[in-house]
Amino acid sequence: QVQLVESGGGLVQAGDSLRLSCAASGRTFSRYTASWFRQAPGKERKFVAAISGNGGYTYYGDSVKGRFTISRDNAKNTVDLQMNSLNPDDTAVYYCAADVRAWSTVVAGYNYWGQGTQVTVSS
């Protein structure tokens, strides 16, 4: 029911900022919780941030709290992730995920996923 496409990844230096965007299909996207996950080489996919359907509630993983901000524009069907003060530990493929019933920090909590976008932070 929902298709997700991430964009905005790239190569940056430590301390820089980057903004990722996830474009979603569907007229009822505002009903869906949306989240960002990331996966480093050889590691499990881990939770980054989540936002409720109307944008009223947000939740962040401990490693990014205070540095990253998740937001959404339901009129445009987009979900963004503003990443500040990046460090090499943030290097990973970043994925957006969504589900109409989800409020979860685990991969199994989401039925719809994007293809991912690479973020590389050099020191």
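Residues numbered from 1 in each chain as written. Predicted model: local features only at pLDDT ≥ 70, side-chain atom pairs only at ≥ 80, totals over all residues. Heavy atoms only, no water.

A short note on the layout of surface pockets
- Approximately 150 Å³ is the volume attributed to the largest pocket.
- Around the largest pocket sit Arg38, Gln39, Ala40, Lys43, Glu44, Lys46, Phe47, Val48, Ser63, Asp89, Thr91 and Ala92, which together line it.
- Every element with two or more residues in the lining of the largest pocket is listed here: β4 (33–39) and β5 (46–51).
- Of the residues assigned to the lining of the largest pocket, the class counts are four nonpolar, three polar and five charged. (1 Å grid on protein atoms, 1.4 Å probe; cavity = no way out; pocket = protein on both sides within 12 Å on 5 of 7 lines; lining within 4 Å. Points joined across faces, edges and corners; volume = space filled by probe spheres on them. Helix = DSSP H or I, 4+ residues; strand = E, 2+ residues; numbered from the N terminus. Nonpolar A, V, L, I, M, F, W, Y, C, P; charged D, E, K, R; others polar.)

Some remarks on the side chain of Ser35
- Mapped onto the secondary structure, Ser35 falls in strand β4.
- Accessibility expressed as a relative area gives 1% for Ser35, which makes it buried.
- For Ser35, the residues in contact, after removing those within four places along its chain, are Phe47, Ala49, Ala50, Ile70, Tyr95, Cys96, Ala97, Ser104 and Tyr110. (Buried < 20%, exposed > 50% of the residue type's maximum accessible area, 1.4 Å probe, protein only. Contact = heavy atoms within 4.5 Å.)

Considering the packing of aromatic side chains
- Per the stated rule, a full pass over the model turns up seven aromatic pairs.
- Summarising the aromatic geometry, the rings of Phe47 and Tyr59 are spaced 6.0 Å apart at their centres and angled 35 degrees between planes, so their arrangement reads as tilted. Of the two residues, Phe47 sits in strand β5 while Tyr59 sits in strand β6 (residues 58–60), which places them twelve residues apart along the sequence.
- Residue classification places Tyr59 among the partly exposed residues on the basis of a relative accessible area of 46%.
- Arranged with centres 6.4 Å apart and planes meeting at 75 degrees, the rings of Tyr110 and Trp113 form a pair that is edge-to-face.
- For Tyr110, a relative accessible area of 4% corresponds to the buried category.
- The class of Trp113 is partly exposed, set by a relative accessible area of 24%.
- Chaining the aromatic ring pairs together yields one cluster made of Phe37, Phe47, Tyr59, Tyr110 and Trp113.
- One residue, Arg45, lies across the ring of Tyr95, its end atom 3.6 Å from the ring centre.
- Of note, Arg45 hangs over the ring of Trp113, and the distance from its end group to the ring centre comes to 5.0 Å. (Phe/Tyr/Trp six-rings, centres within 6.5 Å; stacked < 30°, edge-to-face > 60°. Lys NZ or Arg CZ within 6 Å of the ring centre and 35° of its normal.)

Remember that the coordinates give geometry; whether it matters functionally is a separate question.
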